[in-house]
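# Report on the structure
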Amino acid sequence: MTDTTAGRFTGRTIIVTGAGSGIGRATATRIANEGGRVIGTDVVAERLDALRTELDGLDLETVVGDVTAPETIAAILAAAGDRVDGLANVAGIMDAFLPPSEVDDATWDRVFSVNVTGPMRLTRAVLPLMIAAGRGVVVNVASEAALRASAAGAAYTASKHAIAGFTKSVAFFHGPQGIRANAVAPGAVATNIEAPMRSEYAAGRVGPIMQTTIPPVAQPEQLAAAITWLLSDDSANVNGAVLPSDGGWSVV
Ligand SMILES: NC(=O)c1ccc[n+]([C@@H]2O[C@H](COP(=O)([O-])OP(=O)(O)OC[C@H]3O[C@@H](n4cnc5c(N)ncnc54)[C@H](O)[C@@H]3O)[C@@H](O)[C@H]2O)c1
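This section reports on the structure supplied with the text. (Residues numbered from 1 in each chain as written. Predicted model: local features only at pLDDT ≥ 70, side-chain atom pairs only at ≥ 80, totals over all residues. Heavy atoms only, no water.)

Before going further, it helps to spend a moment on the side chain of Asn 115. Along the chain, Asn 115 turns up in helix 4 (residues 105-133). Side chain to side chain, Asn 115 and Ser 159 meet in a polar contact 3.2 Å long. Setting aside its immediate chain neighbours within four residues, Asn 115 contacts Gly 92, Ile 93, Tyr 156, Ser 159, Lys 160 and Ile 163. (Helix = DSSP H or I, 4+ residues; strand = E, 2+ residues; numbered from the N terminus. Polar contact = N/O pair within 3.5 Å; in protein donor to acceptor, adjacent residues only side chain to side chain. Contact = heavy atoms within 4.5 Å.)

What follows is the structure, encoded as structure tokens:
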């Protein structure tokens, strides 16, 4: 479906979170196949075991842990060593489509923790290495929910707007130091992400809009194509962008 570019990441070390499934897995696979050294991390150990088996012979190191935990960040940095060329913050969770009137604190806190705080901490941890090297690329996975309100509940929508804002902040402050930061905004993608609908009110409000606007579901490899482009030198002049990869959903 998508062509690989031989050697595009040769000599580069790229951290990929959420590497055990879906978009993160497709991204890690593509980078490894294009010659990169991948530090793949996920909270589910068996998924990383399966990835290691599949990518046998390629340059993949895995770190099991919750990306919100400081000890996981430390383990990822230790695995990477003294060189990090790129960071793809892919791990994320959805909410239960709870609207602002129904969202509970636990859902809000957990969604923000995984979708915003974890990526911020990991970005903050790799930036000194990148700044010292005078180059580095961060790619965050936002969502259609970073662009519109009808794609998810309040917590997820606010978290994806937040990660888009954080992306721009990195580009603004650290662009002059050689750092690029961009985000992709996927529409619907066929992955293992859980998206329960726990609000009757939201079902009535969101359902009819989604049915008439959502393009066909994409494959994770299509998102990996956009993410790896943003990680590569081909996107050298792109900084602070939020790139929809959604089959055109965002223009409806
Ligand atoms: N699938 C979609 O339709 C869709 C649409 C828009 C945006 N996204 C975004 O894409 C990203 C990847 O999602 P996906 O669809 O590939 O989902 P997925 O569930 O298939 O993969 C996500 C991976 O992240 C891991 N993960 C979750 N929480 C973690 C944590 N706290 N620490 C470490 N790892 C953790 C999971 O174990 C899983 O392997 C997410 O940020 C999601 O919000 C997905």
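Don't stop here, the text continues.
In contact at an axis separation of 8 Å, helix 1 (residues 22-33) and helix 7 (residues 220-231) are set at 55 degrees when each is read in the N-to-C sense. Accordingly, the angle class assigned to the pair helix 1 and helix 7 is oblique. Crossing of helix 1 against helix 7: the hand is right-handed. On helix 7, the residues that touch Gly 22, Ile 23, Ala 26, Thr 27, Arg 30 and Ile 31 of helix 1 are Pro 220, Glu 221, Leu 223, Ala 224, Ala 225, Ile 227, Thr 228 and Leu 231. (Axes fitted to C-alpha atoms, helices over the stretch in contact; angles between N-to-C directions. Parallel < 35°, antiparallel > 145°, perpendicular 65-115°, else oblique. Left-handed = near helix turned anticlockwise from the far one by under 90°.)

So, about the pairing of strand 5 (residues 136-141). The buried fraction of strand 5 amounts to six of the six residues, a majority that puts the element mostly inside the structure. By the alternation rule, side chains of strand 5 split into Gly 136, Val 138 and Asn 140 and Val 137, Val 139 and Val 141, which are all buried. Pairing between strand 4 (residues 86-89) and strand 5: four bridges, direction parallel. Within the sheet, the bridge partner assigned to Gly 86 lies in strand 5 and is Val 137. Remark: the strand 4/helix 4/strand 5 crossover connection has right-handed handedness. Here strand 5 runs beside strand 6 (residues 179-186); their pairing, made up of six bridges, is parallel. (Buried < 20%, exposed > 50% of the residue type's maximum accessible area, 1.4 Å probe, protein only. Pairing = 2+ DSSP bridges. Right-handed = clockwise from strand over helix to strand, strands pointing away.)

Note that every value here comes from positions in space, so none of it alone points to a role or purpose.
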